[in-house]
Amino acid sequence: MSANREHFSSRLGFILAAAGSAVGIGNLVGFPVSATKNGGGAFLIVYALFVAFICLPVMMAEMALGRKAQKDPYGAYKTLSNSDKKWSIAGFLAVLTPFMIVVFYMVITVWIFGFLAQAVTGNLDLLASAGYFGVFINDKSVFIYMIVVAAIVNLILVGGVKEGIEKAAKFLMPALFIMLVALVAYVLTLDNAMAGVRYYLVPDFSKMNASVLNGALSQAFFSLSLGMGILITYASYLSNKDDIVGSSKMVAIMDSLVAFIAGLMVLPAIFSFNPNTDPKELSDSSVSMIFDYLPKLLLALQDDIGYVGASIVASLFFLLVFFAAITSLVSIVEVPTAALMDEKCISRKKALIVLALTTGLLTILSTMSFGMIDWLTSFINYGGGSKSFFDLVYDVFYDTILPLNGLLLCLFVTYRWKKSGLSEELAQGSEGYLGSAMEKYVNFSLSTFIPLILAVIFINTVTTKYFAFSILGI
Ligand code: TRP
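Not measured: the values here are computed from a predicted model. (Residues numbered from 1 in each chain as written. Predicted model: local features only at pLDDT ≥ 70, side-chain atom pairs only at ≥ 80, totals over all residues. Heavy atoms only, no water.)

Asker: Would you mind showing me how to read the environment of leucine 257 here?
Answerer: Assignment of secondary structure puts leucine 257 in helix 13 (residues 244-273). Put simply, leucine 257 and serine 247 are 10 residues apart on the chain and 15 Å apart in space, counted from C-alpha to C-alpha. (Helix = DSSP H or I, 4+ residues; strand = E, 2+ residues; numbered from the N terminus.)

What follows is the structure, given as structure tokens:
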């Protein structure tokens with residue numbers, strides 16, 4: 001183990017940082033809405049099973065790989081494959097993917113920050129006015145908000161693992177949880193709140209089909225930060241005494257719990273806003289829910305608590321989403337940062353400057369691809385439509401490549417590093433792992449059906465997205 005590599009100061013710090021990465025915008029709005037549309041409680045049960053039986057082993061494998069190598073993802077694949085060229089492609093993808101995810105996630109975080117700033121300064125009515133979102137994303141003020149968000153992320157990251165990432169997570173995650181619970185408590189007092197709770201929780205198994213299952217699994221996989229190189233990187237800051245098996249369970253539970261509780265905030269609010277809401281008509285996209293639909297709902301609270309009251313609730317809501325987004329953003333920028341530090345042997349500061357310049361340029365381009373600049377807005381055609389630069393980055397690096405990265409990881413860990421290597425690593429810090437049913441399940445699943453399922457999801461996404469043809473018939 002490299003003597004001067006920084007490490008997390010406590011297991012709790014690591015768990016909160018990893019959970020902070022996993023809890024993001026999607027947990028707070030996307031998950032509850034998609035659960036309600038796709039069978040309520042039935043979706044929740046299926047989702048929980050996917051988390052426990054498919055995602056958890058992948059999470060453990062990522063963490064084991066990172067801790068063993070004590071390197072960024074590229075370095076981890078390289079070290080554990082003895083510099084085998086084939087595998088450096090997987091390592092390269094595991095660094096390129098987060099680099100590109102920064103580009104689109106930053107754009108959305110900047111919008112959230114903009115909405116937060118407007119809500120705090122008393123402009124909730126503006127946010128809720130028809131067509132405002134379209135105007136906002138093309139307003140020059142987004143560049144100001146971008147500078148502030150970039151400054152916050154860099155300020156956290158320049159502090160390093162203990163003083164930056166860990167400290168931020170230890171503050172932001174509990175704060176996020178308290179705000180979430182406070183909002184749930186308030187929302188549940190609204191008229192008709194229970195109708196929303198019922199839609200969210202009552203199981204309807206008739207909604208289950210291949211498409212819903214595929215959606216639930218992909219969502220669980222994305223939500224837990226898998227395939228992004230993040231957990232490899234964060235776990236490279238763990239020592240052999242740390243318990244990966246227990247920590248990964250905690251991270252999965254926290255992420256799912258926040259998503260679940262967020263449903264108790266979002267659905268009652270939606271149904272009290274409009275008791276006749278047809279869940280089918282709610283948008284699948286977190287972006288249109290957060291920026292288009294929810295501001296109107298938040299403004300309507302003024303009938304209950306006045307304009308100032310509604311503005312306070314709205315500010316709290318956007319702050320909550322902003323905290324969730326910042327911890328995810330920090331984790332995703334840390335991957336290329338660690339890669340530059342480890343592979344190019346440059347300081348953290350230098351790495352952050354390189355990334356600020358490169359991702360900064362691409363983020364500006366994707367921010368301008370919503371109408372500011374024509375060629376970026378109609379950047380490319382595929383899957384039967386014109387796509388913007390932002391769409392392209394999102395589709396390729398978020399929607400398509402993550403299952404592929406997961407697939408490569410499973411194959412690498414079980415066939416190249418070998419199951420014995422994985423087991424030995426997971427047993428460090430986790431007494432009783434060797435010989436347990438858990439060990440057998442992890443080794444079996446990671447070498448058989450999990451990569452198979454990920455391969456099917458990957459191929460199906462490629463054919464549906466880019467060739468308008470689904471191999472699953474959905
Ligand atoms: N759960 C996140 C979300 O809901 C998805 C995610 C996980 C993510 N890790 C991330 C997004 C890292 C960006 C960066 O948005």
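From this point, the narrative continues.
Asker: When you look at the site of the ligand in this model, what are you seeing that I'm missing?
Answerer: Neighbouring the ligand are 15 residues; Ala22, Gly26, Asn27, Tyr105 and Ser225 lie closest to it. The contact in question runs from a nitrogen atom of the ligand to an N or O atom on the backbone of alanine 22, over 2.4 Å. A distance of 2.7 Å is found between a nitrogen atom of the ligand and a side-chain nitrogen or oxygen belonging to serine 225. For the ligand, whose free accessible area comes to 350 Å², the fraction covered by protein is 97%. (Near = heavy atom within 4 Å. Polar contact = N/O pair within 3.5 Å; in protein donor to acceptor, adjacent residues only side chain to side chain. Areas by Shrake-Rupley, 256 points an atom, 1.4 Å probe, with all protein chains shown as cover.)

Asker: In this structure, what is going on with empty space enclosed by the protein? I would like to understand it.
Answerer: In this approach the atoms are scanned with a rolling probe the size of a water molecule, which exposes any empty space left behind. Per the counting criterion, the structure on display carries four cavities of 30 Å³ or more. In this structure, the largest cavity occupies an estimated 130 Å³ of space. Lining the largest cavity are 13 residues, and of these Met265, Ala269, Leu297, Leu298 and Phe317 lie nearest its centre. Where the lining of the largest cavity is concerned, the elements lending two or more residues are helix 9 (160-187), helix 13, helix 14 (286-300) and helix 15 (302-344). Taken together, the residues that form the lining of the largest cavity break down as 13 nonpolar, no polar and no charged. What the second largest cavity holds in volume is close to 70 Å³. For the second largest cavity, the full set of lining residues is Glu62, Tyr77, Ala90, Ala94, Gly227, Met228, Gly229, Ile232, Asn405, Leu408 and Leu409. Mapped by element, the contributors of at least two residues to the lining of the second largest cavity are helix 5 (85-120) and helix 18 (389-416). (1 Å grid on protein atoms, 1.4 Å probe; cavity = no way out; pocket = protein on both sides within 12 Å on 5 of 7 lines; lining within 4 Å. Points joined across faces, edges and corners; volume = space filled by probe spheres on them. Nonpolar A, V, L, I, M, F, W, Y, C, P; charged D, E, K, R; others polar.)

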